[in-house]
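Chain by chain, the residues run as shown.
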Amino acid sequence: MNNAIDTRRKHQVPILELTKPAKTGPDLHSNDFLSLCDDQDLRRLFLEKLHNSPRVFGVAGSRILGGNSSDHLDFELRMARFFEAPAALLFNSGYDANVAFWHSVPQDGDVIVLDELVHASSRDGMAISRASNSLYTFTHNSPSSFEECVLRALQEHPSISRGKNTLFVAVEATYSMDGDFAPLPEIVRVVEKYVPKESAHILVDEAHSTGVFGPQGRGLIHLLGLQDRVHTVLHTFGKGRALTGAVFLTTPLIRRYIINYGRPFIYTTALPIALICGLNASFDYLEGPVGDYRRSELRRLCKHFRSVLQEALKHVPPSLLSLHETPLPAGYPSDVISPITPILTDHPNHLSDFLNSLGYETLGIPYPAVPKGEERVRISVHALNTEEELETLVARLTQWATMMQTVATNVQSGMVQSRL
């Protein structure tokens, strides 16, 4: 274990200790995209539901061992109706949900086509899946690479075209490290073109897009009108919903199968009733005018931040600060913008330390956590940030860049003097 920690230190990967609470400066780092975690109106609504609930504590067992309360069932029915899905299954976390699905659902002879940047929870499930030796990884967000992988999988597994096995697809609607979007319309088109209907299963993870996009926060699948063409969708509650937990929207068969074979579901104590009260409060709150306002403000502030930052970076060497620009995939509305902005830099830990000293909670993300040349810090805009907070952050970034250029100039000048 010490050797592993030393290796991280050698590569200048931050060693996390968790001995201090998060800094109290402007929140430009968390996944609280809709600024709900400190919302007093949501707090009052939650406490009201808690007060009216006859039970508030845990259920002292997993769902299959005495923990299957009417609160859990009613919430799943609500999720199925809200997301217009045939069935829903509640989980304690998105990690548990992805591991449960990917380790249990794919069968012998099935294949999985996955984006190279899918979340670790999906990969952990796939690693212990019966399809673990039939993984086809495509270049991140590349429709052509995806199509090539699908065709190769079909050629190497003819049982799929005969309807005997399934081709699964694993993508995320929004990717957390780059803040970019999956080419969902193209992915659906390719699957429908080549894979028999009974042999296809697309799973989309909406962890970073739920609450933020779509009508009443239903996510990108609904925004793009793909809800009837995607088989399973994962929504998590720890980012745009201010709580924790997750729900799969899927078919009754998949729901039944995971209940009986998904080990993270089977062997985990069910969510406490208090959390179900909180989830109902969060959905009530965001389904109303507050949700529409917050989503609108988030879009406006994201555009403002990106505009101010782009203008400021015109005068900064790209090795110090640059943006990871990615175009919107085909079929997306032009006003879709991500709340996540990666800022690339050759000095992620130095920049992170500088921002931390000013009260920002940031973490440098160096190689090998990301590929060489893509080292970064990650900024997240929130619905109740102010324009002043965003502009101040940009000013701090350019202040750091100027400082780094001055240091470099002084060092170079010193080297010249020493030669003389």
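Summarised in this report is the structure supplied together with it. (Residues numbered from 1 in each chain as written. Predicted model: local features only at pLDDT ≥ 70, side-chain atom pairs only at ≥ 80, totals over all residues. Heavy atoms only, no water.)

1. Brief notes about the pattern of salt bridges
Rules: Think of a salt bridge as a Lys or Arg side-chain nitrogen and an Asp or Glu carboxyl oxygen that are within 4 Å of each other. Helix numbers and strand numbers start at the N terminus; a helix is a DSSP run of H or I with at least 4 residues, a strand a run of E with at least 2. Type-normalised accessible area, obtained with a 1.4 Å probe on protein chains alone, sets the label of each residue: buried when under 20%, exposed when over 50%, and partly exposed for intermediate values.
The full count for this structure, using the stated rule, is 15 salt bridges. A salt bridge links Glu-76 to Arg-63, with the nearest nitrogen and oxygen atoms 2.9 Å apart. With Glu-76 in helix H3 (residues 70-82) and Arg-63 in the loop between helix H2 (40-52) and H3, this pair connects stretches of sequence that are 13 residues apart. Residues Glu-76 and Arg-63 agree in their burial class; the two are buried. Each member of the salt-bridge network shares a partner with another, and the members are Lys-49, Arg-78, Asp-284 and Glu-287.

2. Considerations on the nonpolar core
Rules: What we call a nonpolar core is a set of buried Ala, Val, Leu, Ile, Met, Phe, Trp, Tyr and Cys residues that are connected through their side-chain atoms within 4.5 Å. Between two residues, a contact is recorded if the distance between any of their heavy atoms is within 4.5 Å.
Among the nonpolar cores identified, the biggest contains 95 residues, and Phe-91, Phe-101, Phe-146, Leu-167, Leu-184, Ile-258 and Leu-321 are the most heavily contacted of them. Non-local contacts of Phe-91, meaning those with residues more than four positions away in its chain, are made with Asp-96, Ala-97, Ala-100, Gly-245, Ala-246, Phe-248, Ile-258, Phe-265 and Leu-271. Met-79, Leu-249, Leu-275 and Ile-276 belong to the second-largest nonpolar core, a separate cluster that totals 16 residues.

3. Thoughts on the packing of H3 against helix H11 (residues 273-287)
Here is the rule we go by: Angular values range over 0 to 180 degrees, each being the angle between N-to-C directions of two axes fitted as lines to C-alpha atoms, with helices fitted over their stretch in contact. Throughout, the term roughly parallel applies to angles under 35 degrees, roughly antiparallel to angles over 145, roughly perpendicular to angles from 65 to 115, and oblique to all others. A clockwise turn of the near helix away from the far one marks a right-handed crossing, whereas an anticlockwise turn of less than a right angle marks a left-handed crossing.
Running from amino to carboxyl end, H3 crosses H11 at an angle of 25°, the nearest separation of the two axes being 10 Å. Put simply, H3 runs roughly parallel to H11. Pair H3 / H11 crosses with left-handed handedness. From H3, Asp-71, His-72, Phe-75, Arg-78, Met-79 and Phe-82 reach across to H11, where they touch Ile-273, Ile-276, Leu-279, Asn-280, Phe-283, Asp-284 and Glu-287.

4. Some remarks on the sheet that holds strand S9 (residues 340-344)
Filter applied, for reference: Note on pairing: two strands pair once DSSP finds at least 2 bridges between them.
What the three strands build is an open sheet, ordered S8-S9-S10; its pairing is antiparallel. The outermost strands of the open sheet, each flanked by one partner alone, are strand S8 (322-323) and strand S10 (376-380). Of the pairings in the sheet, the one linking S8 to S9 comprises two bridges and is antiparallel in character. Across the sheet, the residue bridging to Leu-323 is Ile-343, located in S9.

5. Description of the side chain of Ser-142
Where we set the bar: What qualifies as a polar contact is a pair of N or O atoms within 3.5 Å, subject to a donor-acceptor requirement within protein and to the restriction that residues adjacent in sequence count only when both atoms come from side chains.
By the secondary structure assignment, Ser-142 is in the loop between strand S3 (135-138) and helix H6 (143-156). Judged by relative accessible area, Ser-142 falls into the buried class, the value being 15%. Among the polar contacts listed, one links the side chain of Ser-142 to the side chain of Ser-144, at a separation of 3.2 Å.

6. Observations regarding the packing of aromatic side chains
For clarity, the threshold we go by: Two aromatic rings, drawn from Phe, Tyr or Trp (for Trp, its six-membered ring), form a pair once their centres lie within 6.5 Å of each other, and the interplanar angle then sorts them: stacked below 30 degrees, edge-to-face above 60, tilted otherwise. In this scheme, the term charge over a ring applies when either NZ of a lysine or CZ of an arginine sits within 6 Å of the ring centre and within 35 degrees of the ring normal.
Counted under the stated rule, the structure contains 16 aromatic pairs. Seen in terms of ring centroids, Phe-75 and Phe-283 are 6.0 Å apart; in terms of plane orientation they differ by 75°. Their pairing is edge-to-face. Of the two residues, Phe-75 sits in helix H3 while Phe-283 sits in helix H11, which places them 208 residues apart along the sequence. Taken as a pair, Phe-75 and Phe-283 share a single burial class, namely buried. When the centroid spacing of 5.7 Å and the interplanar angle of 35° are considered together, the rings of Phe-181 and Tyr-332 count as tilted. Remark: Tyr-332 occurs in the loop between S8 and S9 and Phe-181 occurs in the loop between strand S4 (167-172) and helix H7 (184-194); sequence separation between them is 151 residues. We note that Phe-181, like Tyr-332, is buried. Taken together, the aromatic side chains of Phe-91, Phe-101, Trp-102, Phe-168, Phe-248 and Phe-265 make up a single cluster linked through ring pairs. The ring of Phe-283 carries the charged tip of Arg-241 above its face, separated from the ring centre by 3.9 Å. Over the ring of Tyr-367 we find Lys-372; its NZ or CZ atom is 4.3 Å from the centre of that ring.

7. Things to note about empty space enclosed by the protein
What counts is decided by this rule: Cavity and pocket criteria rest on a 1 Å grid covering protein atoms alone: a 1.4 Å probe that fits but cannot get out defines a cavity, protein on both sides within 12 Å along at least 5 of 7 lines defines an open pocket, and an atom within 4 Å of a point defines a lining residue. Grid points are joined across faces, edges and corners, and a volume is the space filled by probe spheres set on the points. Throughout this entry, Asp, Glu, Lys and Arg are counted as charged residues, while Ala, Val, Leu, Ile, Met, Phe, Trp, Tyr, Cys and Pro are counted as nonpolar. The remaining residues, Gly among them, count as polar.
All told, the structure shown has four cavities of 30 Å³ or more when counted by the stated rule. Of the pockets and cavities examined, the largest cavity occupies roughly 100 Å³. In terms of lining, the largest cavity is formed by Arg-63, His-72, Leu-90, Phe-91, Asn-92, Asp-96, Pro-264, Phe-265, Thr-268, Thr-269, Ala-270 and Leu-271. Class assignment of the residues belonging to the lining of the largest cavity gives a composition of six nonpolar, four polar and two charged.

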